Structure formats: structure tokens, C-alpha cells
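So the chains spell out like this:
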Amino acid sequence: MSRIIDLTQTYSEPMRGVSITQSTTLEKDGWNSKKLSLNSHAGTHMDAPLHFGVPGPTIDRLPLDHCMGDAWVVNLMGIAAKSLIGIEDLGKVAEVLVPGDSLLLKTGWSRNVLVPEYRNDLPRISPALARWCSEKKVKMLGLEPPSVADVNNLEEVTLIHEILFEGGVLIIEGLTNLDRIQEEKVQLIALPLKIKDGDGAPARVIAIEHSTF
């Protein structure tokens with residue numbers, strides 16, 4: 001028996017980069033519909049190399065087999081704000097990960113999604129860990145903060161994205177519910193909206209546990 005865990009934030013206001021208004025109503029128009037205005041990096045989303053001008057596929061051209069696969073879950077619950085996450089923080093995962101595996105970093109940071117600290121004080125990926133992910137051919141790197149690096153430091157945020165993109169690592173940011181994952185390894189599926197020539201896109205992301213409960 002499998003258990004599916006939704007790792008996707010619910011898109012709603014006042015989430016940063018999200019505006020939702022009523023477009024038509026059942027009473028006036030005969031059906032309900034809403035107008036959605038979403039930043040390509042709002043909420044739970046995936047980045048494409050174009051986001052930082054690195055050569056590579058745009059979000060609509062990502063191979064679908066690159067958007068799913070086995071993922072190791074690294075427990076970093078309780079990590080301090082503004083921490084740099086290094087290779088040593090991966091624990092035994094650093095020894096057992098093989099090329100093509102993905103990483104999910106469980107920090108609990110999604111609890112801050114509606115406060116300024118979520119964006120301004122996030123724990124982030126160190127350059128050494130970014131290079132390690134690239135060298136180890138990590139398929140996807142998923143984490144709860146809205147970015148893999150300090151968004152208020154252009155030099156840092158550019159460097160980390162460039163290292164990961166140049167290594168072919170697919171970046172998933174803004175995840176939630178990682179604390180619900182019980183297994184150390186899951187199947188990860190992350191499907192972005194298919195936006196032509198997109199630099200990124202909101203995505204529906206799930207983890208599948210295969211143990212019998």
C-alpha cells in the first residue's frame with residue numbers, strides 16, 4: 001500500500017506573487033471562473049536554467065523523466081534561520097546517494113510562509129553543497145524556503161543557481177508538508193505548468209511512500 005503526500009502549497013492571497021479575482025459568476029454569466037495572476041516563482045515552483053541565464057531547457061521543455069524519481073529525505077528540522085546547509089548536514093545520505101537520485105531537505109521552514117522571515121532569513125544551500133549536488137548528478141533538489149540561496153544577496157543567489165543549473169540539477173522551491181514524510185526515501189514527482197519558454201513555473205509536487213502501514 002502506498003501513501004501519497006502533497007508537498008504543494010495552496011495558492012491563495014496574500015501569498016507573494018499571487019492575485020486571484022472573480023472573472024465570471026454562476027448568477028451573472030452561467031458559470032464560475034477566476035482570473036489568476038501568478039508569478040512564475042510563486043508558491044511551490046520549479047526553476048529552469050533561463051531563470052539565471054544559464055543554457056538549458058526552458059520549463060516547457062524539461063524531460064518528464066527528469067521530473068520524477070527516487071528522493072532521499074534529509075531531516076534538518078530545527079535548523080537555525082540563515083544557516084548554510086553543507087555536505088556534512090546530509091549525514092549518511094551523502095554516502096548512499098547515487099547519480100539520478102534526488103534530495104528533499106526537511107527543515108520545517110514552510111511554517112513561516114506568510115511572515116517576512118520566510119523570504120529574508122531562510123536557511124540556504126552552501127556553494128560546497130551545490131557543487132556536490134552537481135558532481136553527484138542529483139536529479140532534483142527540493143526544499144521548503146522560496147529559494148536555494150539568499151534572495152537579498154544577488155551574488156550568492158546567482159552563484160548557487162548557476163552551479164546547480166550547470167550541473168543539470170532541477171530546483172524545486174517552496175515545498176510544504178515535508179514533516180509528514182515518514183520514510184527516508186520516497187518517490188518524488190514534480191510537474192510544472194507547461195509555460196512556453198518559461199524561466200520557471202508553479203508546480204504540483206507529491207511524494208509517494210511505498211511501505212505498508
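Right above here is the structure, for reference.
Residues numbered from 1 in each chain as written. Predicted model: local features only at pLDDT ≥ 70, side-chain atom pairs only at ≥ 80, totals over all residues. Heavy atoms only, no water.

**Q** I'd like a rundown of the packing of helix α4 (residues 127-135) against helix α5 (residues 154-166), residues and numbers included.
**A** At a closest axis distance of 8 Å, the pairing of α4 and α5 adopts a crossing angle of 15 degrees. In terms of orientation, α4 lies roughly parallel with respect to α5. Handedness of the α4/α5 crossing: right-handed. On the side of α4, the interface is formed by Pro 127, Ala 130, Arg 131, Cys 133 and Ser 134, while α5 contributes Leu 159, Ile 160, Ile 163 and Leu 164. Grouping the constituent residues of the contact of α4 with α5 by class yields seven nonpolar, one polar and one charged. (Axes fitted to C-alpha atoms, helices over the stretch in contact; angles between N-to-C directions. Helix = DSSP H or I, 4+ residues; strand = E, 2+ residues; numbered from the N terminus. Parallel < 35°, antiparallel > 145°, perpendicular 65-115°, else oblique. Left-handed = near helix turned anticlockwise from the far one by under 90°. Contact = heavy atoms within 4.5 Å. Nonpolar A, V, L, I, M, F, W, Y, C, P; charged D, E, K, R; others polar.)

**Q** Explain α4 to me, using residue names and the numbers behind them.
**A** Buried residues of α4: Leu 129, Ala 130, Trp 132, Cys 133 and Ser 134, and no others. Structurally, α4 contributes buried residues whose contacts are with β6 (84-85), α2 (93-96), β7 (102-106), β8 (124-125) and α5. Looking one or two residues past α4, Lys 137 carries a phi angle of roughly 60 degrees, positive in sign. (Buried < 20%, exposed > 50% of the residue type's maximum accessible area, 1.4 Å probe, protein only.)

**Q** Which residues make up the nonpolar core, and what are the values?
**A** Within the largest apolar cluster, 28 residues are counted, with the highest numbers of intra-cluster contacts made by Leu 103, Leu 105, Ile 125, Val 148 and Leu 164. Mapped by element, the contributors of at least two residues to this core are β5 (68-75), β7, α4, β9 (140-143) and α5. In terms of residue count, the dominant contributor to this core is α5 (five residues). Filtering out sequence-adjacent residues up to four positions away, Leu 164 remains in contact with Ala 130, Cys 133, Ser 134, Leu 141, Val 148, Val 169 and Ile 171. In this structure, Ile 5, Met 46, Leu 62 and Ala 207 belong to the second largest nonpolar core, which totals 23 residues. (Core = buried A, V, L, I, M, F, W, Y, C linked by side-chain atoms within 4.5 Å.)

**Q** So what about the pattern of salt bridges? Which residues, and what values?
**A** By the definition in use, this model includes five salt bridges. Salt-bridge contacts for Lys 92 lead to Glu 184; the nearest nitrogen and oxygen are separated by 3.0 Å. Of this pair, Lys 92 sits in the loop between β6 and α2 while Glu 184 sits in the loop between β10 (170-173) and β11 (185-192); the two residues are 92 residues apart in sequence, bridging distant segments of the chain. According to the relative accessible area criterion, Lys 92 is partly exposed, its value standing at 49%. For Glu 184, a relative accessible area of 42% gives the class partly exposed. (Salt bridge = Lys/Arg side-chain N within 4 Å of Asp/Glu carboxyl O.)

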